[in-house]
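For reference, the chains in residue letters:
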Amino acid sequence: ERIQRLERELVQIREQMRKTKGPAQARLKQRALNLLKQKRMYENQRGVIYSQQFNLDQVAFAKENIETSMQMVSCMKSSTAALKEQMKAVPLSQIEDIHDQMSDFLEDVGEMNDILGESLGYQEDVDEDELMGELEGLEAELDAEGLGEMDAMGEASSSSAVSGRSPAVPAAPVRPQPAIDIGDIPSSLPAPGQPQA
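Structure report, in brief. None of these values were measured; they are calculated from a predicted model.

**Things to note about the pattern of salt bridges**
In a structure, side chains of opposite charge can pair up when their charged atoms sit close to one another. Under the defined criterion, the tally for this structure stands at 4 salt bridges. Measuring nitrogen to oxygen at the nearest pair gives 3.7 Å for the salt bridge that ties Arg18 to Glu15. Residue Arg18 and its partner Glu15 are located together in helix H1 (residues 2–19), separated by 3 residues, close to a single helical turn. Accessibility expressed as a relative area gives 62% for Arg18, which makes it exposed.

Shown next as structure tokens:
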């Protein structure tokens with residue numbers, strides 16, 4: 001704030017110096033020099049204060065880092081001690097024995113499942129290659145039947161296309177009509193539009 005006040009005052013003195021001459025201008029010039037000296041002094045003090053503040057910030061930052069590091073070291077020490085106590089409670093050799101026992105147990109369970117999954121009674125030895133050959137023969141038969149049906153349908157459609165007629169459709173069965181007795185027919189039929197007797 002002091003520096004800004006001095007700068008404003010220097011601007012005013014400069015304006016006055018432009019308008020005056022002689023001894024009055026000399027007095028204003030001397031006043032301006034004194035103000036510039038004060039301004040330079042305040043600027044130097046401000047620089048020193050800024051440097052001191054920067055140094056204090058660095059010291060505070062370093063102190064905070066040291067405290068954080070000490071807390072980390074303390075936490076690591078306590079964690080290491082706790083891990084040592086826990087490892088003493090469960091020795092490594094005991095963990096290995098438990099692991100081996102569990103592996104053996106799982107192998108026994110797998111063998112038991114295999115035994116229980118086998119079929120009971122007599123089992124005929126079947127050749128896998130023979131079964132695959134039988135399967136291929138069955139597929140060939142199915143393919144041959146499908147091709148035969150497609151050939152038959154193709155021949156029927158081609159013959160109908162050549163003759164220009166559609167394939168023969170079986171006629172509907174003819175129902176027998178009941179016999180008409182001549183005596184039931186009236187001798188004279190009514191003229192059209194007249195009611196029957």
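**Quick look at H1**
The end-to-end C-alpha distance of H1, which contains 18 residues, comes to 26 Å, matching closely the 26 Å that a straight helix rising 1.5 Å per residue would cover. Here H1 has its buried residues at Ile3, Leu6, Leu10 and Ile13. The arc that holds the buried residues of H1, viewed along the axis, is 80°, so those residues lie on one side. Those residues of H1 that are exposed and aimed more than 90 degrees away from the buried face are Arg8, Gln12, Arg18 and Lys19. Where H1 is buried, its residues touch helix H2 (23–89).

Definitions and limits used
- Residues numbered from 1 in each chain as written.
- Predicted model: local features only at pLDDT ≥ 70, side-chain atom pairs only at ≥ 80, totals over all residues.
- Heavy atoms only, no water.
- Salt bridge = Lys/Arg side-chain N within 4 Å of Asp/Glu carboxyl O.
- Helix = DSSP H or I, 4+ residues; strand = E, 2+ residues; numbered from the N terminus.
- Buried < 20%, exposed > 50% of the residue type's maximum accessible area, 1.4 Å probe, protein only.
- Expected span 1.5 Å × (residues − 1).
- Arc of directions from axis to C-beta.
- Contact = heavy atoms within 4.5 Å.

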